[in-house]
Every structure is written in structure tokens, then in C-alpha cells.
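Structure assessment
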Amino acid sequence: MLMRWFLPLIFTLVLTSVISSATGSDDLPEGKGKDVFLKMCSNCHGLEQVTSVKNSKMQWTYVVDDMVSRGAEGTDEEVNAVIGYLAQNFGKPVNVNTATAKEIEAGLSFTAAQSESIVQYRTDKGAFKTYEDLLKVPGLDAGLVEEQKKNILF
Ligand code: HEC
């Protein structure tokens, strides 16, 4: 008697979880490099093994290089696109008003000189309030700032 509703229930639960894991890629943030990420990183393990981690760009570079040595396949351009996508969407947030130059350098992958400039700028002019404020810092690479946009806290 119990089995009559219990089995269909189990069946439904299993089916639902299979469907939701199959459509898991739809939860990924949109952005440049997403298609390459799906292509390059889903063959050997689930994408959630990747997206559950938060890393700086430097650390993602290390992870992706490691995966290439394990057999992940892509051109140099695709490798860079994946690193960019991961750094952008699964980065480590850094508060540019309170972090030290070293922390900015490690977290956001700006150069040492660029990170020093950020600290100098906020010391001279006060706290950054918006993303646009940050773009006024001399010597910042606009492309890299854009890539790190989601990881920058004020
Ligand atoms: C050729 C197979 C293969 C491909 C393709 C692949 N990986 Fe992996 N990945 C592995 C193996 C093997 C492990 C180790 C699994 C373990 O230790 O449980 C792993 C583990 C990981 C881990 C867990 C942390 C670690 O370093 O052990 C991350 C993060 C990761 N992969 C990211 C990626 C990314 C990003 C891509 C796409 C660029 C990718 N993987 C593509 C084989 C692959």
C-alpha cells in the first residue's frame, strides 16, 4: 500500500534532480567566454566543481593551466577566454577602499604599481564611491578594471 505513492514520489524526485542538473548551465552568468567554458570544462566533471569556488585571476590561471595539463583542450585564445570568464564571474571580491595594495594586487590582478596608485588616489582624494571614480586612477588598465567589475566592492 505504502509503495503505491512512495515509488512514484521517489521517481519524481530523482527525475527532478536529473533535469535540474542537466539544465544547471542555464544558471551560469552570461558573459564573454561562457560558451568556451561550457565546451572546455564540462567533459570530465560537473561545472559546479568549478563554480562553487571563488578565485583571483591569478589562481584561475593556475587552475586552468592545471586542467590543460590533465587533458582539457582549447586554443590559447580559448584558454584566455575561460580564465577571463572565471575571473569575472567567480572572482574574489576586494574592497578598494579598505584593502592594502598587496591585497588589491593579489585579488584583482592589477600590477603592483597600479595597486599602489589606487591606494595613493584614495589617500589623496578620499574613498571611491563608484566604479567611475576608480577609472580616474592614473595608469589603470580599463580592460582589466572592466573584467574585475563584479569583484570590486566600495
Ligand atoms: C580532461 C579532463 C578535465 C577537463 C576537461 C577539466 N578538468 Fe578540472 N579536473 C579534472 C580532474 C581529473 C580533477 C581532479 C578531480 C579530483 O581531484 O577529484 C579536476 C578538478 C578540478 C577542480 C577542483 C580543484 C582542483 O584543482 O583539483 C577545478 C576547480 C577544476 N577542475 C576546474 C576546471 C576548469 C576551469 C576546466 C576548464 C578549463 C576543467 N576543470 C576541465 C579534469 C578535467
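First, a word on scope: everything that follows refers to the structure included in this document. (Residues numbered from 1 in each chain as written. Predicted model: local features only at pLDDT ≥ 70, side-chain atom pairs only at ≥ 80, totals over all residues. Heavy atoms only, no water.)

Overview of the overall build of the protein
Within the protein, the regular secondary structure consists of 9 helices and 2 strands. Helices and strands in the protein line up, N terminus first, as α-α-α-α-α-β-α-α-α-α-β. Relative to its 154 residues, the protein shows a buried fraction of 32%. Long-range contacts, defined as pairs at least 24 residues apart, comprise 59% of the intrachain contacts of the protein with a sequence gap of at least 6. Of the roughly 9700 Å² of accessible surface on the protein, a fraction of 59% belongs to carbon and sulfur atoms. (Helix = DSSP H or I, 4+ residues; strand = E, 2+ residues; numbered from the N terminus. Buried < 20%, exposed > 50% of the residue type's maximum accessible area, 1.4 Å probe, protein only. Contact = heavy atoms within 4.5 Å. Areas by Shrake-Rupley, 256 points an atom, 1.4 Å probe, with all protein chains shown as cover.)

So, the site of the ligand
If you check the shell around the ligand, you find Met40, Cys41, Cys44, His45, Gln49, Val50, Val63, Met67, Arg70, Gly71, Ala72 and Leu86 and nothing else. One of the side-chain nitrogen or oxygen atoms of His45 is found 2.8 Å away from a nitrogen atom of the ligand. Elements that contribute at least two residues to the shell around the ligand include exactly α2 (34-41), α3 (48-51) and α4 (57-70). With 3 residues, the single largest contributor to the shell around the ligand is α4. When the residues that make up the shell around the ligand are grouped by side-chain class, the tally is 8 nonpolar, 3 polar and 1 charged. (Near = heavy atom within 4 Å. Polar contact = N/O pair within 3.5 Å; in protein donor to acceptor, adjacent residues only side chain to side chain. Nonpolar A, V, L, I, M, F, W, Y, C, P; charged D, E, K, R; others polar.)

What to know about unusual backbone geometry
Residues other than glycine seldom take positive phi values, yet Ser109 does so here, at roughly 65 degrees. Relative to the helices and strands, Ser109 is located in the loop between α6 (101-108) and α7 (112-125).

Structural notes on the pattern of salt bridges
Two side chains that carry opposite charge are able to pair once their charged atoms sit near each other. Counted under the stated rule, the structure contains 6 salt bridges. For Glu78, the salt bridge identified is with Lys39, shortest N-O distance 2.7 Å. On the criterion of sequence distance, the pair formed by Glu78 in helix α5 (residues 76-89) and Lys39 in helix α2 is long-range, its members being 39 residues apart. Residue Lys136 pairs with Asp133 through a salt bridge whose shortest N-O separation is 3.4 Å. (Salt bridge = Lys/Arg side-chain N within 4 Å of Asp/Glu carboxyl O.)

Quick notes on α5
For α5, which comprises 14 residues, the first-to-last C-alpha distance of 20 Å matches the rise-based estimate of 20 Å (1.5 Å per residue) to within 8%. Among the residues making up α5, those that are buried are Val79, Val82, Ile83, Gly84, Tyr85, Leu86, Ala87 and Asn89. Residues of α5 that are buried sit in contact with α2, α3, α4 and α9 (142-147). (Expected span 1.5 Å × (residues − 1).)

A closer look at the packing of α6 against α7
Contact geometry for α6 and α7: axes closest at 8 Å, N-to-C directions at 130 degrees. When the axis of α6 is compared with that of α7, the two are oblique. Between α6 and α7 the crossing geometry is right-handed. On α7, the residues that touch Ala101, Ile104 and Glu105 of α6 are Ala112, Ser115, Glu116, Ile118, Val119 and Arg122. Partitioned by chemical class, the residues of the contact of α6 with α7 number 5 nonpolar, 1 polar and 3 charged. (Axes fitted to C-alpha atoms, helices over the stretch in contact; angles between N-to-C directions. Parallel < 35°, antiparallel > 145°, perpendicular 65-115°, else oblique. Left-handed = near helix turned anticlockwise from the far one by under 90°.)

Thoughts on the packing of aromatic side chains
Throughout the structure, instances matching the rule amount to 3 aromatic pairs. Ring centres of Tyr85 and Phe90 lie 6.4 Å apart, and the angle between their planes is 65 degrees; this geometry places the pair in the edge-to-face category. Residue classification places Tyr85 among the buried positions, given a relative accessible area of 0%. Among the aromatic residues, those joined into a cluster by ring pairs are Phe37, Tyr85 and Phe90. (Phe/Tyr/Trp six-rings, centres within 6.5 Å; stacked < 30°, edge-to-face > 60°.)

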